[in-house]
Amino acid sequence: MGSVTLRYFCYGCLFTSVTWSLVLFLYFTLSQESQPFRYVPIPGGQSSSHQQRFQPRFTRAPPADLPREQPHRPAVQGRKPVDLSPEMGMIFNEQDQEIRDMGCHKHAFNVLISNRLGYHRNLPNTRNEKCKEKVYPLALPSASVVICFFNEAFSALLRTVHSVLDRTPAHVLHEIILVDDNSELVDLQEELHVYVRQNLPGKVKLVRNEKREGLIRGRVIGASHATGEVLVFLDSHCEVNEMWLQPLLTPIKEDRHTVVCPVIDIISADTLVYSPSPIVRGGFNWGLHFKWDPVPLSELNNPDGAIAPIRSPTMAGGLFAMDRKYFNELGQYDSGMDIWGGENLEISFRIWMCGGQLLILPCSRVGHIFRKRRPYGSPGGQDTMAHNSLRLAHVWMDEYKEQYFALRPELRTRSYGDIGERLAVRKRLQCHSFRWYLDNIYPEMQVSAPHNKAQQPVFVNKGLRRPKVLQRGRLRNLQVDRCLAAQGRPSQKGSMVVVKACDPNDPEQEWAYDEEYELILAGLLCLDMSEIRSSDPPRLMKCHGSGGSQQWTLGKSNRLYQVSVGQCLAVTDPLSHKGYVAMAICDGSQSQQWQLEE
Ligand code: UD2
Ligand code: MN
């Protein structure tokens, strides 16, 4: 599982550098482009809008305009797109808490916010301005969108589907194929069936696997039901942005051996905030983990500059479009691969080595909820990433598989099933060698002597700048008249915080509140709230700069609201000298009143 953690770490690090202020700026100021097609609304739906931003209200009764949801079944939501507001994360009662905690456990993202957002929301326009000037052919190949899912949160899945219906011109959208990979959540199955029948007739097809196949065979099954000219694969927790499909279909129309990916924008798992990704391209390391790389200058050196297609050595895996017949000719996927992992590198190597090309289209943007952990395992508990990587190493990497084995010597003798059919694909297509791929497509890849250490992923954009401090001082609790400080040393990672007698001369009591809504103690560590267990107390952790668990709003109301858990910081037992604090449902009580004073 170590390898799996690394993979997620890669994602996390890439995105930490997207500054919160930029996100907010983009989110709240940029206007939307006109929409070429809208899904025809079904009359009678409720609508909701959220005008009040950054002034959370702290009553126990939710504001009337906040969409309510039932624990397991989000109400059929309004058809009018809503805006995300920070108060959507607030917890008003035990039911909210339960939805949030269950959602975190089952889906590893904030289902409370997802449900309140509903199935239609406005997204910030994250495309480069120059994209608006691009003209795409009216006649484009028709697309079958394939979405394979296992135990997906209903609202996230439906938002994925509706975002496609809302933002895709009808004439290019042939169909949407939903492949239920034998999900175990009963209400998901039943509700979805009813919802598709009642609200999504026509273009949306629902297929259910009789047993869990995993996303790789799942996608092949989805593709086998498709009849459009181009297959477009999406994860089940995405939101497509304006004009997402035309930039993808155009290069395929020009050359059907071109496989294309959108830029994958970031939807925060904690807050559901949609923010732009930097333009990067796909690579990998010798542990066979996908990673993002900076785009080499040679790629940016063309007349179209920032919006030109970028040749990418690999794809992230979840979001891409490919001519359907070409997908079949090229050998679909390796059906000996299970559940999750490795198929993205396998198809990337295959595309390049067997005569195709893989491009990222900066003018196509699709958001994806990046989770910090995968909320599901494999049926037999196996490490499917290792199994799948072994298969791809043995089929495609020739002598370079030694680079992998140098890092994973325990896998040298591990069995990986029959790869005869895959070797036959390679032979049939007369593919290049892996050496050719490295020399021509990924010359940046360092080939290390087998005894060298693992290559560390490249973290683009990391540590570009420190956010500006807005306010400094001690954080005094108004009820107990004591100040927030580390329980141990302020430099000790993981230390809890407590309230102590205020001392204006003690630098260890000085907090900085910055434009990214972080609270930094003594210039060292950030106040952080576990995203998985909201019952844990907040702790001091290394600042990660990506909001969520380290994002606090400190308004005029004196409440210290944690956006990621939707709760307020409170002194737990005001009469005790121990000074413990914890997160609690925001109730406006004295124990939740804080002042940052210089
Ligand atoms: C990334 C890819 C994902 C896939 C994976 C490697 C992106 C944005 N995502 O991981 O598409 O290429 O790397 O394998 O590039 N699912 C099933 N059955 C299963 C397990 C998962 O249908 O047994 C579905 C799942 O509901 C989701 C999709 O497969 O819609 C991808 O799974 P994920 O979101 O857990 O993978 P992710 O984004 O971490
Ligand atoms: Mn995903």
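Rules and cut-offs
- Residues numbered from 1 in each chain as written.
- Chains lettered and ligands numbered in written order.
- Predicted model: local features only at pLDDT ≥ 70, side-chain atom pairs only at ≥ 80, totals over all residues.
- Heavy atoms only, no water.
- Helix = DSSP H or I, 4+ residues; strand = E, 2+ residues; numbered from the N terminus.
- Buried < 20%, exposed > 50% of the residue type's maximum accessible area, 1.4 Å probe, protein only.
- Contact = heavy atoms within 4.5 Å.
- Areas by Shrake-Rupley, 256 points an atom, 1.4 Å probe, with all protein chains shown as cover.
- Pairing = 2+ DSSP bridges.
- Expected span 1.5 Å × (residues − 1).
- Donors = N, O, S within 2.8 Å, 3.2 Å for Na, K, Ca; no water.
- Axes fitted to C-alpha atoms, helices over the stretch in contact; angles between N-to-C directions.

**Student:** Now, about the overall build of the chain: what can you tell me, with residues and values included?
**Tutor:** Broken down by element type, the chain carries 15 helices and 24 strands. Taken over 598 residues, the chain has a buried fraction of 60%. A separation threshold of at least 6 residues defines the contact pool for the chain, and within that pool the share at least 24 residues apart is 77%. Surface accessibility of the chain: about 23,800 Å² in total, with carbon and sulfur atoms responsible for 52%.

**Student:** For the pairing of strand β18 (residues 525–528), give the residues involved together with the corresponding values.
**Tutor:** Inspection of the sheet shows strand β17 (residues 519–521) paired to β18 by two bridges, in the antiparallel sense. Note on β18: the bridge partner recorded for Leu-521 is Leu-525. Taking the residues between adjacent antiparallel strands as the criterion, β17 and β18 are bridged by three residues, where Ala-522 takes a positive phi near 50°. Summarising the sheet, β18 and strand β19 (residues 539–541) pair through three bridges and their orientation is antiparallel. Bridging across to β19, Cys-526 finds its partner in Met-541.

**Student:** Could you give an account of helix α7 (residues 214–225), with specific residues and numbers?
**Tutor:** Helix length check: α7, at 12 residues, gives a terminal C-alpha distance of 17 Å against a target of 16 Å (1.5 Å per residue), a fit within 8%. Within the sequence span of α7, burial applies to Gly-214, Leu-215, Ile-216, Arg-217, Gly-218, Arg-219, Val-220, Gly-222 and Ala-223.

**Student:** Break down the coordination of the manganese ion (ligand 2) for me, with residues and values.
**Tutor:** Taken together, Asp-235 (OD), His-237 (NE2) and His-368 (NE2) make up the full set of protein donors to the manganese ion (ligand 2), lying 2.2 Å away. Binding-site remark: the manganese ion (ligand 2) is held by donors from one chain whose sequence spacing is D-x1-H-x130-H. Of this pair, His-237 sits in the loop between β4 (230–234) and β5 (238–240) while His-368 sits in strand β12 (residues 357–370), placing them 131 residues apart in sequence. Given the relative accessible area of 6%, His-237 is considered buried. A relative accessible area of 10% places His-368 in the buried class.

**Student:** Mind laying out the sheet that holds strand β20 (residues 552–554), listing which residues take part and the relevant values?
**Tutor:** Taken together, four strands build an open sheet; the order of strands is β20-β21-β22-β23 and the sheet is antiparallel. Bordering the open sheet on either side are β20 and β23 (581–584), each of which pairs with just one other strand. Averaged over all pairs of adjacent strands, the angle between their axes in this sheet comes to 35°, without regard to strand direction. Direction of pairing for β20 relative to strand β21 (residues 560–562): antiparallel, over a ladder of three bridges. Across the sheet, residue Leu-554 finds its bridge partner in β21, namely Leu-560.

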